[in-house]
Amino acid sequence: MLTVEKDKEAEQVFIHGSPEKLRWLASRLEAIAAEAEKSGHSHDHFMTEEWGGNELSGEVQGGKESHALINHLVVYGWGSR
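Right, let's walk through the structure included here. Every value quoted in this text rests on a predicted model; they were computed, and no experiment measured them.

## A closer look at the packing of aromatic side chains
Part 1 of the reasoning: Per the stated rule, a full pass over the model turns up two aromatic pairs.
Part 2 of the reasoning: In this arrangement the basic side chain of K21 is found over the ring face of W24, its NZ or CZ atom lying 4.5 Å from the centre.

If you want it as structure tokens, here you go:
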């Protein structure tokens, strides 16, 4: 399980994950960083099944009245500028 959620005002972002999915996310972040160092930039998309992916879970884990699910997360990596 891995969800990305925001509060209703979109001022805070929350990540909820099982240990194995958090380790998986850490490995993806490492890969983005390595590619950014090599080529100057990199990115990856993480989506719920509803949005055509399978990286993110589609059920809110935090306060269901106060959190909203994010269906598509894009992480960018940039090399030295």
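## Here we look at the environment of K21
Part 1 of the reasoning: For K21, the location among the structural elements is in helix α1 (residues 19-39).
Part 2 of the reasoning: Once residues lying within four places of it in the same chain are set aside, the contact partners of K21 are M1, L2, N54 and E55.

## Observations concerning the pairing of strand β2 (residues 13-17)
Part 1 of the reasoning: As paired elements, strand β1 (residues 2-7) and β2 share five bridges and run antiparallel to each other. What sits directly across from E5, in β2, is F14.
Part 2 of the reasoning: Once β1 ends, the chain turns through five residues before running back antiparallel as β2, passing A10 with a positive phi of about 60°.

## Observations concerning the side chain of N71
Part 1 of the reasoning: Tracing the sequence through the fold places N71 in the loop between β4 (67-69) and β5 (72-78).
Part 2 of the reasoning: Assessed through its relative accessible area of 18%, N71 is described here as buried.

## A look at the pattern of salt bridges
Part 1 of the reasoning: Scanning all chains against the criterion turns up two salt bridges.
Part 2 of the reasoning: Between D44 and R28 there is a salt bridge, with its nearest N and O atoms 2.5 Å apart. A residue pair is termed long-range when its members are at least 10 positions apart, and D44 in strand β3 (residues 41-47) and R28 in helix α1 qualify at 16 residues.
Part 3 of the reasoning: By relative accessible area, D44 is classed as buried at 17%.
Part 4 of the reasoning: Across the pair K38 and E35 runs a salt bridge whose closest N-O atoms are separated by 3.8 Å. Placement of both K38 and E35 in helix α1 is noted, with a separation of three residues, approximately one turn of the helix.

Scoring rules and cut-offs
- Residues numbered from 1 in each chain as written.
- Predicted model: local features only at pLDDT ≥ 70, side-chain atom pairs only at ≥ 80, totals over all residues.
- Heavy atoms only, no water.
- Phe/Tyr/Trp six-rings, centres within 6.5 Å; stacked < 30°, edge-to-face > 60°.
- Lys NZ or Arg CZ within 6 Å of the ring centre and 35° of its normal.
- Helix = DSSP H or I, 4+ residues; strand = E, 2+ residues; numbered from the N terminus.
- Contact = heavy atoms within 4.5 Å.
- Pairing = 2+ DSSP bridges.
- Buried < 20%, exposed > 50% of the residue type's maximum accessible area, 1.4 Å probe, protein only.
- Salt bridge = Lys/Arg side-chain N within 4 Å of Asp/Glu carboxyl O.

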